[in-house]
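Structure at a glance
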Amino acid sequence: MNIVVCVKQVPDTESPRKLKSDDNTLDRAAADGVINELDEYAIEEALLLKEAHGGEVTVLTMGPDKATDSIRKALAMGADKAVHLVDDALAGSDALGTSYAIQQVLGRTGFDLVILGAESTDARTGMLAAMLAERLGVPQLSLANKVEIDGSSITVQRITDYGYDKVEASLPAVVSVVEKINEPRYPSFKGIMAAKKKPVEKLGVADAGIDADKVGLAGAATEVVDFADAPPREKGQIVTDEGDGGAKIAEFLASKKFV
Amino acid sequence: MDVLRVDDRLTDDERMVRDTVRAVVAEKILPNVAGWFEAGTFPARELGPELGKLGLLGMHLQGYGCAGMSAVAYGVACRELEAGDSGLRSFVSVQGSLAMTAIHKYGSEEHKREWLPRMAAGEALGCFGLTEPDRGSDPGDMRTHARRDGSDWVLNGAKMWITNGSVADVAVVWARTDEGIRGFLVPAGTPGFTASDIHRKLSLRASVTSELVLDDVRLPGDAVLPGVTGLKGPLGCLSEARYGILWGAVGAGRACYEAAVEYAKTREQFGRPIGSFQLTQEKLAWMEIALGQAGLTALHVGRLKDAGEVTPQQVSFGKLANVRAALDVARQARTILGANGITLEYPVIRHMNNLESVLTYEGTQEIHTLVLGQAITGISAYRG
């Protein structure tokens with residue numbers, strides 16, 4: 001089975017993140033890059049499926065040069081090879097442009113299954129899986145917390161507010177995963193050593209057959225018009241217990257519609 | 001804070017090792033280690049396979065299931081382990097740098113095949129018996145001896161302060177023979193061989209420390225490590241372990257420093273954070289400098305080791321300087337935390353007490369000082 005995991009490098013959520021004032025896009029150089037957290041679950045799921053069913057796991061990353069760090073970590077976790085789509089023309093792509101670019105690359109690599117995290121911690125649009133499935137003309141199985149494959153059919157548990165839906169489709173397909181699905185492994189030291197020898201194919205826009213006009217900031221259909229810092233957190237309310245503390249807390253919770 | 005940004009000089013692999021070990025320590029060690037320390041226990045059997053799965057055990061050795069990483073990567077791992085607890089780093093040091101290194105360096109092909117893959121996986125644990133109740137800095141004068149009896153060896157004696165002693169599946173025991181000092185592999189359960197734990201420690205409490213007793217322990221002829229005779233055998237392993245310590249100390253010191261910085265910024269006295277007082281800032285600046293220098297020393301010695309150029313004197317320099325720096329940092333951090341600094345709610349007193357052991361094991365600070373003294377003057381102060 002040919003499994004492709006889409007891995008995005010995002011600014012470390014531990015470090016302060018900011019937008020650039022000149023074009024309102026994310027300042028990716030300002031913070032340390034890490035693998036988008038949900039994508040680590042996607043990598044783990046791909047590795048588990050490979051261990052159960054055989055095949056090959058390819059990491060697909062679109063991002064600047066420094067995204068190499070994240071690719072190496074995915075390879076150290078156990079992925080077999082990687083494709084790194086890297087080109088200045090891609091900077092500032094929105095979800096539409098990104099889904100188009102990734103579709104073009106997937107056309108080259110081929111796939112039975114595409115797995116990705118349900119959303120990224122930077123843009124948080126959560127739309128890429130749906131756009132990708134639509135462009136590829138294959139089923140989308142979203143928000144999976146369990147994936148099972150039997151021959152050419154795939155079944156997932158899709159989490160909902162009330163429990164989960166059981167969703168079935170046939171391969172090829174696109175699956176987006178949530179954090180309940182597994183526990184991502186740490187890269188083992190042998191894995192780190194082995195990753196050095198695994199192939200990483202670097203593609204530019206032209207190599208992947210991508211129309212440069214449809215990607216990047218200029219090709220984006222959406223635009224960040226303005227941004228502002230989040231207001232500082234308001235001071236908490238302190239309730240002094242004068243024998244009626246419980247009632248006051250209940251009142252507060254009711255006013256916020258928690259109870 | 002890390003003003004010098006020493007880690008910017010690490011390679012991608014070394015950084016990945018750092019991040020992995022740091023994450024594992026944060027997940028599995030930090031939530032539990034104060035409890036282990038208080039109870040005087042260390043879950044060696046549970047942690048062994050987990051650390052083995054990562055590839056931490058014997059990570060710098062080649063082949064036989066070992067990851068074959070660089071000396072710097074090993075050092076960085078030791079640093080991150082010891083930021084958790086010196087007992088954890090000791091566990092890994094003894095397994096990888098002492099027991100596995102002895103077998104890897106001096107063992108027969110059969111020894112290596114029998115023990116190293118299982119030890120790398122953490123399924124088999126090892127210990128290293130050199131120090132004796134009455135022989136610490138002067139191991140050449142050891143009392144434990146082995147004599148030939150037909151094709152067998154018979155060992156008698158005792159070893160003291162042996163990390164992992166009672167949990168080990170195999171003990172590397174050094175003994176006097178007619179030919180000089182030799183190493184022997186003594187499997188747990190061999191008749192006449194017992195390991196009992198040393199209690200009432202106030203340092204390295206999250207670590208198993210034992211006494212080994214050898215009472216007419218009969219071993220087959222092939223139990224001896226064929227690759228070395230003489231004190232240079234055990235000393236060659238100790239040099240490896242000391243190298244890990246000079247990195248580890250930086251981690252223990254850093255943990256204390258980070259606790260002190262956080263505390264100084266949030267603890268208020270006289271209406272403002274104590275970090276705003278010049279006396280506190282002076283302490284923090286001094287700690288930053290001490291740890292930056294220790295970190296540079298560790299990386300420098302590590303690069304020399306990877307280039308195959310490191311000398312025992314350089315390792316002594318690093319072990320002496322970095323452990324002393326870490327202990328001083330821990331004590332300074334303790335003063336910033338005031339009374340909170342003496343509880344297990346914070347990591348400081350735990351590291352500080354641990355470092356009291358690190359200061360004297362694997363070569364006391366006095367011996368390392370005299371190694372440097374000899375290097376400087378050409379005159380040995382303690383050997384005839």
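The name an unreviewed UniProt entry gives chain B is Glutaryl-CoA dehydrogenase, with Thermomonospora echinospora as the organism. Entered under Sequence similarities (unreviewed entry) in the UniProt record, the comment concerning chain B runs "Belongs to the acyl-CoA dehydrogenase family." You can read under Cofactor (unreviewed entry) in the UniProt record for chain B the words "FAD".

Naming follows an unreviewed UniProt entry, where chain A appears as Electron transfer flavoprotein subunit beta of Thermomonospora echinospora. According to the UniProt record, the Sequence similarities (unreviewed entry) comment for chain A is "Belongs to the ETF beta-subunit/FixA family." The record held by UniProt for chain A lists under Subunit (unreviewed entry) the comment "Heterodimer of an alpha and a beta subunit."

Turning next to the overall build of chain B. A count of helices and strands for chain B gives 11 helices and 9 strands. Rg of the C-alpha trace for chain B: 21 Å, near the compact-globule value of 21 Å for 384 residues, within the 12% margin. Counting only C-alpha atoms, chain B reaches 80 × 45 × 40 Å along its principal axes. Taken over 384 residues, chain B has a buried fraction of 56%. Counting every atom, chain B has about 15900 Å² of accessible surface; 53% of that belongs to carbon and sulfur. Here chain B carries 40 positive and 45 negative side-chain charges, and the mean point of each set is 3 Å from the other.

Below, the discussion takes up empty space enclosed by the protein. All names here are of chain A. Enumeration according to the criterion identifies 1 cavity of 30 Å³ or more in this entry. Computed from the structure, the largest cavity encloses a volume of approximately 50 Å³. Lining of the largest cavity is provided by Gln9, Val10, Pro11, Arg28, Ala31, Asp32, Gly33 and Lys66. At 3 residues, the largest contribution of residues to the lining of the largest cavity is made by strand β2 (residues 9–11). A breakdown of the residues in the lining of the largest cavity according to their chemical character gives 3 nonpolar, 2 polar and 3 charged.

On to helix α3 (residues 95–109) of chain A, then. Residues and elements named next belong to chain A. Along its 15 residues, α3 runs 21 Å from first to last C-alpha, staying within 8% of the 21 Å computed at 1.5 Å per residue. Taken as a whole, α3 has its buried residues at Ala95, Gly97, Thr98, Ser99, Tyr100, Ala101, Ile102, Gln103, Val105 and Leu106. Close packing links the buried residues of α3 with β1 (2–6), β4 (56–62), β5 (81–85), β6 (113–117), α4 (128–136) and β11 (200–203). With its phi angle positive at about 70°, Gly110 sits one or two positions after the end of α3.

Further remarks concern the UniProt feature "domain: Electron transfer flavoprotein alpha/beta-subunit N-terminal" (unreviewed entry) in chain A. Under the feature "domain: Electron transfer flavoprotein alpha/beta-subunit N-terminal" (unreviewed entry), the UniProt entry names residues 23–212 of chain A. From the first C-alpha to the last, residues 23–212 of chain A spans 18 Å; its make-up is 31% helix and 29% strand.

It is worth spelling out the interface of chain B and chain A at this point. Facing the 19 residues of chain B at the interface are 12 residues of chain A. Both sides together, the interface formed by chain B and chain A hides about 1300 Å², and carbon and sulfur atoms give 67% of it. A per-residue breakdown of the area chain B buries against chain A is headed by Asp13, Met16 and Leu54 of chain B, which together make up 38% of the total. Across the contact surface, chain B and chain A share 2 salt bridges. Run the count over chain B and chain A and you get 6 residue pairs in polar contact (both at pLDDT 80 or more). Those elements giving two or more residues to the side of chain B that touches chain A turn out to be α1 (12–29) and α3 (44–54) of chain B. Sort the elements by how many residues they give to the side of chain B that touches chain A and α1 of chain B lands first, with 9 residues. Looking at the side of chain B that touches chain A, its residues break down into 11 nonpolar, 4 polar and 4 charged.

This brings us to the pairing of strand β7 (residues 209–219) of chain B. Of the strand pairs in this sheet, strand β3 (residues 152–163) of chain B and β7 of chain B are connected by 8 bridges, and their pairing is antiparallel. Looking across to β7 of chain B, one finds that Ala158 of chain B is bridged to Val213 of chain B.

The relative placement of two aromatic rings is captured by the distance of their centres and the angle of their planes. All names here are of chain B. Enumeration over the complete set of coordinates arrives at 8 aromatic pairs over all chains. Between the aromatic rings of Trp153 and Phe184, the centroid separation amounts to 5.1 Å while the plane-to-plane angle is 70°, which identifies the pairing as edge-to-face. Placement of the pair is Trp153 in strand β3 and Phe184 in strand β5 (residues 180–187), with a sequence separation of 31 residues. Across the pair, exposure class does not vary: Trp153 and Phe184 are buried alike. Arranged with centres 6.2 Å apart and planes meeting at 90°, the rings of Phe270 and Phe277 form a pair that is edge-to-face. Here Phe270 falls in the exposed class, since its relative accessible area comes to 78%. A connected cluster of aromatic rings, assembled from ring pairs, spans Trp36, Phe42 and Phe91.

Further remarks concern the domain arrangement of chain B. Residues and elements named next belong to chain B. Once the domains are mapped, chain B shows domain 1 (6–121), domain 2 (126–229) and domain 3 (232–377). Spacing between the C-alpha centres of domain 1 and domain 3 amounts to 20 Å. Taken together, the contact pairs 34 residues of domain 1 with 35 residues of domain 3. Buried surface at the junction of domain 1 and domain 3, both sides included, amounts to about 2500 Å², of which 63% is carbon and sulfur. Summed over the shared surface of domain 1 and domain 3, the result is 3 salt bridges. For Asp85, the salt bridge is made with Arg350, and the minimal N-O distance between the two is 2.6 Å. Run the count over domain 1 and domain 3 and you get 15 residue pairs in polar contact (both at pLDDT 80 or more). Looking at the side of domain 1 that touches domain 3, the elements that each hand over two or more residues are α1, α2 (33–39), α4 (71–84) and α5 (86–106).

The rules behind these values
- Residues numbered from 1 in each chain as written.
- Chains lettered and ligands numbered in written order.
- Predicted model: local features only at pLDDT ≥ 70, side-chain atom pairs only at ≥ 80, totals over all residues.
- Heavy atoms only, no water.
- UniProt positions renumbered as here; feature names shortened; annotations may be inferred.
- Helix = DSSP H or I, 4+ residues; strand = E, 2+ residues; numbered from the N terminus.
- Rg over C-alpha atoms; globule rule 2.2 N^0.38 Å.
- Buried < 20%, exposed > 50% of the residue type's maximum accessible area, 1.4 Å probe, protein only.
- Areas by Shrake-Rupley, 256 points an atom, 1.4 Å probe, with all protein chains shown as cover.
- Lys, Arg positive; Asp, Glu negative; His and termini not counted.
- Charge placed at Lys NZ, Arg CZ, Asp CG, Glu CD.
- 1 Å grid on protein atoms, 1.4 Å probe; cavity = no way out; pocket = protein on both sides within 12 Å on 5 of 7 lines; lining within 4 Å.
- Points joined across faces, edges and corners; volume = space filled by probe spheres on them.
- Nonpolar A, V, L, I, M, F, W, Y, C, P; charged D, E, K, R; others polar.
- Expected span 1.5 Å × (residues − 1).
- Contact = heavy atoms within 4.5 Å.
- Buried area = accessible area lost by both parts, 1.4 Å probe.
- Salt bridge = Lys/Arg side-chain N within 4 Å of Asp/Glu carboxyl O.
- Polar contact = N/O pair within 3.5 Å; in protein donor to acceptor, adjacent residues only side chain to side chain.
- Pairing = 2+ DSSP bridges.
- Phe/Tyr/Trp six-rings, centres within 6.5 Å; stacked < 30°, edge-to-face > 60°.
- Domains from an automatic or database assignment.

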